[in-house]
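# Understanding the architecture of this molecule
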Amino acid sequence: MSVVAVSTLDWPAESPSALETATVHCAGECFFDYELRRLEHRNFRHGSSFFSDDDGDDEEEEVITNDDIDLLALSHAKLEKMSYYTVLGEIPMHSTPEQVKRAYHKACLKYHPDKTGRGEEDEVFLKVKAAFDTLSDVSKRKSYDSSIDFDDSIPKGNESPEKFYKVYGPVFERNLRFDARYDPEKLLMDATAKNNGKKNNKKNNKNKKEEKPVPKFGDDETPIKDVHEFYDYWIHFESWRDYTLKATKLTDNQDIDNVESRYEKRYIAKEIDRKAKSLKREEMARINTLVERAMAADPRIKREKAREKQEKQRAAKEKKDREEAAKKAAADEKERAEKEKAEREVRERAERQSMKAQRDKEKKQLRKARQLLRKLTLSAYTKGADNGGDKIWSDMEAMNDDVELLCTELSVLQIVELTDALGGTEALENPKVDALEQIKQKVEDTQDEKAQDTIEAKKKREEARKIAAEKAEKAKAARAMAPWSKEEVAALAK
């Protein structure tokens, strides 16, 4: 059989060193998880199936231990620095109590004094035993997990905006390890109940309130609503971190179980509890400081504050413009009203002056007309008496009374009409005597009209009194027919 070349590679004729080189960067979710665990000391429970909401009935995973570590070959210093999880074969931090027990049994097969021949006081076996005693007890394990493999440092708050997401994002992700919803005590109890196969487990899970997912830190494009939800979550952050173990190490007597006096044991327990609470307060203060620094440096919040400030300034400017426009409109309206008022006052004053002048003129004309009537009548009466004519008045006094009646009752035009009949102003020396009869007739007509007016006025007054009397009579009859009120009955009873 012969091999036939189908195609050839176009390799350069030069040496391989002449080829172009390229830099390959590691990427991908798995690589990032690895880097975060390696550099940020993220615990290996994060992202594991232990936190899944799957309620399936899958069998428990078999824990895989690292048999390459030989604790017998380690020095005392290295053995002391080794964590309990590593001592039991580098088991994961999220291991269940059953998995811890299996790892312990496996370690006993290797490090038990009957196998090693190193005696009951062998520090390796004591270390294995201490690891099992701690990790198999829920409270002790919670306190132990709170003190190992974690970086408590937080940013200083003077980072540049370009580095904000790179600096603060991993810190929040790291501190999420102590979220109360991931409390190991709670999770281990749930896992134990699941492994024990409780019949009502699924029913209990359905009755539980669904927890909202933890808000993401996001990036520069994250909506401001999500950013506020993220910080609101961390402002009300609840930590399960337990400082009992650390507080025990800070006390003078760490081995409280070996204290014989119950009073001393109680005192030591109180001291441990006091220091643990103090450390917990410091922890929450650290979280609060982290949140405050992040909020102060967050470019998204800065932009939102700037936008709100601009919005407030714009609203304030619009309000100010509206107020100024309203003030200007009010001032213009006031000025217009004052101007109209001034013009009206000027116009009314002019009208009053004109009316006053007209009245004065009419009064003057009436006064002159009356004087002329008196003079002409007197002159005509005297001329008629001298010529021996018929006397219209019995005497001059009766004539003056009639003339005064006419001056009082007649208008200017009516008086002028009488004066014209007597000859007017030019006839003062030679008035028309025949016009005296017209004047006398006018006197009689005026007296008749006055009398008629008096009679009509009297009739009107009598009719008005009659109508009022009828109304009073009807009202009296109505009151008499109406039933008595409670006040009237009470007054009658008294």
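Residues numbered from 1 in each chain as written. Predicted model: local features only at pLDDT ≥ 70, side-chain atom pairs only at ≥ 80, totals over all residues. Heavy atoms only, no water.

### Observations regarding the overall build of the protein
Put simply, the rule is: Runs of H or I in DSSP of at least four residues are treated as helices and runs of E of at least two as strands, each being numbered from the N terminus. For every residue, the accessible area obtained with a 1.4 Å probe (protein chains only) is divided by the maximum for its type, and the residue is called buried under 20%, exposed over 50%, and partly exposed between those limits. Whether two residues are in contact is decided by their heavy atoms, any of which lying within 4.5 Å being enough. For the area figures, the Shrake-Rupley method with a 1.4 Å probe applies, and any residue is considered shielded solely by the protein chains shown.
Along the protein, the regular secondary structure elements total 18 helices and zero strands. The 494 residues of the protein split such that 27% are buried. When contacts within the protein are restricted to residue pairs at least 6 apart in sequence, those whose partners lie at least 24 apart make up 75%. Taken as a whole, the protein presents about 35,800 Å² of accessible surface, with 51% of it coming from carbon and sulfur.

### Comments concerning the packing of aromatic side chains
Operational definition: Two aromatic rings, drawn from Phe, Tyr or Trp (for Trp, its six-membered ring), form a pair once their centres lie within 6.5 Å of each other, and the interplanar angle then sorts them: stacked below 30 degrees, edge-to-face above 60, tilted otherwise. Any Lys NZ or Arg CZ that is within 6 Å of a ring centre and within 35 degrees of that ring's normal is treated as a charge sitting over the ring.
Taken as a whole and assessed by the stated rule, the structure comprises 19 aromatic pairs. Relative to F178, the ring of F150 lies with its centre 4.7 Å away and its plane at 75 degrees, an arrangement referred to as edge-to-face. Taken as a pair, F150 in the loop between α7 (138–145) and α8 (164–175) and F178 in the loop between α8 and α9 (184–195) lie far apart in primary sequence, 28 residues in all. Residues F150 and F178 agree in their burial class; the two are buried. When the ring of F217 is compared with that of F230, the centres are 5.4 Å apart and the planes differ by 70 degrees; the resulting orientation is edge-to-face. Of the two residues, F217 is situated in the loop between α10 (201–207) and α11 (224–235) and F230 in helix α11; the sequence distance between them amounts to 13 residues. With relative accessibility at 3%, the residue F230 sits in the buried group. What links up through ring pairs into an aromatic cluster is the set F164, Y165, Y168, F172, F217, F230, Y231, Y233, W234 and F237. Over the ring of F217 we find R300, and its NZ or CZ is 5.2 Å from the ring centre.

### Focus: the packing of helix α6 (residues 123–135) against α7
Threshold: To obtain each axis, a line is fitted to C-alpha atoms, and for helices this fit is confined to the stretch in contact; angles are then taken between N-to-C directions over 0 to 180 degrees. Angles are sorted into four bins: roughly parallel if under 35 degrees, roughly antiparallel if over 145, roughly perpendicular if 65 to 115, and oblique for all others. Only Asp, Glu, Lys and Arg are considered charged in this grouping, and only Ala, Val, Leu, Ile, Met, Phe, Trp, Tyr, Cys and Pro are considered nonpolar; every other residue, Gly among them, is considered polar.
The interhelical angle for the contact between α6 and α7, taken along N-to-C directions, is 105 degrees, at an axis separation of 6 Å. The orientation of α6 with respect to α7, classified from their angle, is roughly perpendicular. Two secondary-structure elements touch here, α6 through D133, T134 and L135 and α7 through K140, R141 and Y144. When its residues are assigned to classes, the contact of α6 with α7 shows two nonpolar, one polar and three charged.

### Quick word on the packing of helix α4 (residues 97–111) against α6
Packing of α4 against α6 leaves a shortest axis separation of 10 Å and a crossing angle of 170 degrees. By the angle between their axes, α4 is roughly antiparallel relative to α6. Taken together, the residues of α6 that come into contact with α4 (itself represented by V100, K101, Y104, A107, C108 and Y111) are V124, F125, V128, K129, F132 and L135. A per-class count over the contact of α4 with α6 returns ten nonpolar, no polar and two charged.

### Structural notes on the pattern of salt bridges
Quick note on the threshold: In what follows, salt bridge is the name for a side-chain nitrogen of Lys or Arg lying within 4 Å of a carboxyl oxygen of Asp or Glu.
Following the criterion strictly, the structure yields 26 salt bridges and no others. Across the pair K277 and D273 runs a salt bridge, and its minimum N-O distance is 3.4 Å. Within this pair, K277 and its partner D273 are both found in helix α13 (residues 262–297), separated by four residues, close to a single helical turn. Among the residues examined, K277 registers a relative accessible area of 48% and is labelled partly exposed. A single salt-bridge network, built from bridges that share partners, covers D152, R241, E283 and R286.

### Some remarks on the nonpolar core
Defined as follows: In this description, a nonpolar core means a group of buried Ala, Val, Leu, Ile, Met, Phe, Trp, Tyr and Cys residues linked to one another through side-chain atoms lying within 4.5 Å.
The biggest cluster of nonpolar side chains holds 23 residues, and the ones touching the most others in it are L71, Y85, L88, Y104, V128 and L135. Mapped by element, the contributors of at least two residues to this core are α3 (84–87), α4 and α6. By size, the runner-up hydrophobic cluster in this structure holds 22 residues, among which are Y381, L418, L422 and A435.

### Re a negative patch on the surface
The cut-off we apply is this: To count toward a patch, a residue needs a relative accessible area over 30% and no salt bridge; like charges are then connected within 9 Å, while nonpolar side chains (Val, Leu, Ile, Met, Phe, Trp, Tyr) are connected within 5 Å. All tallies of charge rest on Lys and Arg as positive and Asp and Glu as negative; His and the ends of each chain are not included. Taken as the charge location is NZ of Lys, CZ of Arg, CG of Asp or CD of Glu.
Taken together, E444, D445, D448, E449, D453 and E456 make up a surface patch of like negative charges. Given the relative accessible area of 38%, E456 is considered partly exposed.

### Focus on the confidence of the model for the protein
Heads up, the rule is: Confidence of the predictor at the level of single residues is captured by pLDDT, which takes values from 0 to 100.
Chain-level statistics for the protein give a pLDDT mean of 81 and a share of 79% at 70 or above. Ranking the elements of the protein by mean pLDDT puts α10 last, at 50, and α11 first, at 94. Across residues 40–63 the pLDDT falls below 50, and counting only partners more than four positions away or on other chains, this stretch makes 50 contacts in the model.

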